[in-house]
Amino acid sequence: MDSGRLRLFTINRRTKRVQNKPEPDGIVLPAYRKLGGSMTHRADIVWINTAMKKDDIRDLVLAHPQYSLFPVCTGTVDSIVGVLSARSFLESLLAPEWCGLKSLVKKPVYLPETVTLLKTLGALANAECPLAFIIDEYGGIEGIVTRNGIIQELMEEVCDDYPDEDPDIFRR
């Protein structure tokens, strides 16, 4: 776990010499990188206001099918009530009587921007909700990050480092 990388798994047992010490051949991930570069910034957050009506919330959720979680706030993005799952909201619309927005939200997770990706994944694994709010030193919201978003970003880096063995186009 030195030089800011975490060994996710080892591909084989061979070793190679780097600076006179053995290092297993395998895939390494930059898990000690800070969280700030991986978050969705404040201006790009799609959030739900607690003053919105049920139909307006439904329209917002259906207008953004790429998101499965929505922050629920009172008036401004800095006044967070919780996180709403699009799935649980849409399922609640099928009930004979709507239970209300506040009963559907989950407790949010707050993390400082300086936390590493590894610690963030640990915090989100133990949390009720896979979305965390990133806060600045004054308690204001800087952005959000999801467990799946971090994993996707890390795996994209691994795939970029290890190109395909067989190219799709080749000369005969």
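Enquirer: Explain the sheet that holds strand β3 (residues 40-41) to me, please; I cannot follow it from the model alone.
Expert: Note on sheets: strands pair through backbone hydrogen bonds, and any given pair is parallel or antiparallel. The mixed open sheet is built from four strands, whose spatial order is β3-β9-β8-β7. Each of the sheet's edge strands pairs with one partner strand only, and the pair in question is β3 and β7 (109-112). For strand β8 (residues 131-135) and strand β9 (residues 141-146), the ladder comprises five bridges, and the chain directions are antiparallel. Looking across to β9, one finds that Ile134 is bridged to Gly143.

Enquirer: What is the right way to look at the packing of aromatic side chains in this model?
Expert: The geometry of an aromatic ring pair is captured by the separation of the ring centres together with the interplanar angle, meaning the angle of the planes. The final tally for this structure, using the stated rule, is three aromatic pairs. Ring geometry for Tyr67 and Phe70: centres 6.3 Å apart, planes at 85°, overall edge-to-face.

Enquirer: Would you take a moment to explain the pattern of salt bridges for this structure?
Expert: One pass over the structure, following the stated rule, counts four salt bridges. Across the pair Asp78 and Arg42 runs a salt bridge, and its minimum N-O distance is 2.9 Å. Here Asp78, found in the loop between β5 (69-73) and β6 (80-85), pairs with Arg42, found in the loop between β3 and β4 (48-49); they are 36 residues apart in sequence, far enough to count as distant. Overall, the relative accessible area of 37% leaves Asp78 in the partly exposed class. The class of Arg42 is partly exposed, set by a relative accessible area of 33%. In this structure, the salt-bridge partner of Arg58 is Asp59, at a minimum N-O distance of 3.4 Å. Overlapping salt bridges, with partners in common, bring together Asp55, Arg58 and Asp59 in one network.

The rules behind the values
Residues numbered from 1 in each chain as written. Predicted model: local features only at pLDDT ≥ 70, side-chain atom pairs only at ≥ 80, totals over all residues. Heavy atoms only, no water. Pairing = 2+ DSSP bridges. Helix = DSSP H or I, 4+ residues; strand = E, 2+ residues; numbered from the N terminus. Phe/Tyr/Trp six-rings, centres within 6.5 Å; stacked < 30°, edge-to-face > 60°. Salt bridge = Lys/Arg side-chain N within 4 Å of Asp/Glu carboxyl O. Buried < 20%, exposed > 50% of the residue type's maximum accessible area, 1.4 Å probe, protein only.

By themselves these figures say nothing about function.
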